[in-house]
Amino acid sequence: MSFLKRDEELTLLKTIYQAKRVFISGHTGFKGSWLALWLAESGADVIGYSLDPPTDPNNFQATELQDKITHIRGDVCDLNCLLEAFRRYQPEFVFHLAAQPIVRLSYNEPKMTFDTNVGGTVNIFEAVRLNPSVKVLVNITSDKCYENKEWVWGYRENDPMGGHDPYSASKGCAELVFNAYLNSFFSSSATKKRSVGTASARAGNVIGGGDWGVDRLVPDCIRALHRGQTIGIRNPHAIRPWQHVLEPLYGYLQLGAALRHDPQRYSGAWNFGSSNSSHLTVGEMADRLIQYWGNGSWKDLSDPQAPHEATLLKLNCDKAHAELNWRGVLTIDECLLMTADWYKEFYSGSRMKNMYQFCVSQIRKYEETLASRR
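Residues numbered from 1 in each chain as written. Predicted model: local features only at pLDDT ≥ 70, side-chain atom pairs only at ≥ 80, totals over all residues. Heavy atoms only, no water.

Within an unreviewed UniProt entry, the label attached to the protein chain reads CDP-glucose 4,6-dehydratase, and the organism entered is Syntrophus aciditrophicus.

Draft legend 1. Representation of the sheet that holds strand S9 (residues 239-244). Ordered in space as S7-S9-S11, the three strands form an open sheet in which the pairing is mixed. Edge positions in the sheet fall to strand S7 (205-207) and strand S11 (279-281), since each of these pairs with one other strand and no more. The mean angle between the axes of side-by-side strands here comes to 50°, regardless of whether they run parallel or antiparallel. Strand direction decides the pairing type here: S9 and S11, joined by three bridges, are antiparallel. Across the sheet, the residue bridging to isoleucine 239 is threonine 281, located in S11. Together, S7, S9 and S11 form the strand contacts of helix H11 (residues 282-293), whose direction differs from that of S11 by roughly 90°. (Pairing = 2+ DSSP bridges. Helix = DSSP H or I, 4+ residues; strand = E, 2+ residues; numbered from the N terminus. Axes fitted to C-alpha atoms, helices over the stretch in contact; angles between N-to-C directions. Contact = heavy atoms within 4.5 Å.)

Draft legend 2. Region of the structure containing the nonpolar core. If you look at the biggest cluster of nonpolar residues, it comprises 89 residues, and the most contacted ones within it are Tyr17, Leu39, Phe95 and Trp342. The element best represented in this core is helix H9 (residues 246-261), accounting for nine residues. Each residue touching tyrosine 17, except ones within four places of it in the same chain, is listed here: Val22, Leu39, Gly43, Ala44, Phe93, Phe95, Tyr252, Leu253, Gly256 and Ala257. Ranked by size, the runner-up nonpolar core spans 24 residues in total, among them Ala127, Val128, Val177 and Leu182. (Core = buried A, V, L, I, M, F, W, Y, C linked by side-chain atoms within 4.5 Å. Buried < 20%, exposed > 50% of the residue type's maximum accessible area, 1.4 Å probe, protein only.)

Draft legend 3. View of the pattern of salt bridges. For the structure on display, the rule yields 19 salt bridges. Across the pair arginine 260 and glutamate 92 runs a salt bridge, and its minimum N-O distance is 2.7 Å. Placement of the pair is arginine 260 in helix H9 and glutamate 92 in the loop between helix H4 (79-89) and strand S4 (93-96), with a sequence separation of 168 residues. Residue classification places glutamate 92 among the buried residues on the basis of a relative accessible area of 16%. Here arginine 104 ties to aspartate 215 by a salt bridge, and the two come within 3.0 Å at their closest N and O atoms. With arginine 104 in helix H5 (residues 103-108) and aspartate 215 in the loop between S7 and helix H8 (217-227), this pair connects stretches of sequence that are 111 residues apart. Through salt bridges with shared partners, one network takes in Glu41, Arg364 and Glu367. (Salt bridge = Lys/Arg side-chain N within 4 Å of Asp/Glu carboxyl O.)

Draft legend 4. Here's a closer look at H11. When the terminal C-alpha atoms of H11 are compared, their 16 Å separation across twelve residues agrees well with the 16 Å that a helix rising 1.5 Å per residue should span. For H11, the full list of buried residues reads Val282, Gly283, Met285, Ala286, Leu289, Ile290, Tyr292 and Trp293. One or two residues past the end of H11 sits glycine 294, with phi positive at roughly 115°. (Expected span 1.5 Å × (residues − 1).)

Draft legend 5. Representation of the packing of helix H13 (residues 332-346) against helix H14 (residues 355-373) in the model. Running from N to C, H13 and H14 point in directions that differ by 165°, and their axes come no closer than 10 Å. Relative to H14, the element H13 lies roughly antiparallel. Read as a crossing pair, H13 and H14 show a hand that is right-handed. When H13 is examined against H14, the residues Glu334, Met338, Asp341, Trp342, Glu345 and Phe346 are found in contact with a partner set consisting of Met355, Phe358, Cys359, Gln362 and Arg373. Looking at side-chain class alone, the contact of H13 with H14 contains six nonpolar, one polar and four charged residues. (Parallel < 35°, antiparallel > 145°, perpendicular 65-115°, else oblique. Left-handed = near helix turned anticlockwise from the far one by under 90°. Nonpolar A, V, L, I, M, F, W, Y, C, P; charged D, E, K, R; others polar.)

Draft legend 6. Local environment of the sheet that holds S4. Across the sheet, seven strands lie side by side as S3-S2-S1-S4-S5-S6-S10; this open sheet has parallel pairing. Edge strands, defined here as strands with exactly one partner in the open sheet, are strand S3 (70-73) and strand S10 (268-272). On average, adjacent strands in this sheet sit at an angle of 20° to one another, irrespective of strand direction. With seven bridges joining them, strand S5 (residues 136-142) and strand S6 (residues 197-203) adopt parallel strand pairing. Paired with isoleucine 140 across the strands is alanine 201, a residue of S6.

Draft legend 7. Quick look at unusual backbone geometry. With an omega dihedral of 5°, the bond running from aspartate 56 to proline 57 counts as a cis peptide bond. With respect to the element layout, proline 57 can be found in the loop between strand S2 (45-50) and helix H3 (59-62). Residues other than glycine seldom take positive phi values, yet alanine 19 does so here, at roughly 65°. Within the fold, alanine 19 resides in the loop between helix H1 (9-16) and strand S1 (21-25). Positioned with a positive phi, glutamine 90 is a non-glycine residue whose angle comes to about 50°.

Draft legend 8. Fine view of the side chain of serine 50. Counting through the fold element by element, serine 50 comes out in strand S2. The class for serine 50 is buried, based on a relative accessible area of 7%. Within polar-contact distance, the side chain of serine 50 engages the side chain of threonine 28 at 2.8 Å. Beyond its immediate stretch of four places on either side in the chain, serine 50 contacts Gly26, His27, Thr28, Ile72, Arg73 and Gly74. (Polar contact = N/O pair within 3.5 Å; in protein donor to acceptor, adjacent residues only side chain to side chain.)

As structure tokens, then:
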């Protein structure tokens, strides 16, 4: 069972990070910006380290997050720059999210993908190894790290790593790096001098406001809907595990708290996937998003010669359910409604809109849902 009682979870999470220095790599990205915002609102001293936002527009700039946290422009592939940031700020918690996250881009830029996703992860782990201030490291990765056999049941944390494409392979390689550093440097059995709570957190396809990534279903849909264009869908029959971005982020925060409480018990790999009811085809997702947007249509752009992308990949989250008391609480329709509402607010044209506070309001509503359904 989790060391957190259900009625204490949210209160403890708000206090455990309060006034603590938290280092986030990739804070200008979609998931990273939401995590940085949530931690800042919890009273954490957030240090963000990342390249410029990958798209324009983006959630980082839409929320003016740079005014709420310490923003460092840096590349995880630059070890010296990374080490200097750790030396200067001496973080207690580290969440590593910086990555090249696009499967199709990895076919065009395989070296950059491996350099960032494998070499960058090595650099983060080196910075942690060399800085005794760090007590917790949460390595945020992907469900695509698993050797995907396209089977109908979910992958467990101890299933083999793999990857058909450069992106998935890079994530599988990064998991080997994680295990090597955990067993060689961060576990109590590896050294008597220091134990760092170290975990790898794997999630599936996340959706939510503020994502304008390329080759991602919801951003592609929103761009077309906002312009009054027909949405082009590449793989309408592919099944994806959808979840709102706040669901896995809450799992990461729970995991970080657990690692600080008992690093030996909670170190290792963890899945934070969606429920079976949230596994829809790409075409079904587009239909529902159009419904919540209010109008629109899509067309099939399937190309049999296109690079390989997985058609089915599920995660088994029994470990997180049993040990952290974590599970997704939002229905797929609630996820899509929250997502559509965010983009409607952003595109409303109101000069008074404050996307930072709108994100905070969605976080608070999610916390209320957690309290009522768990």
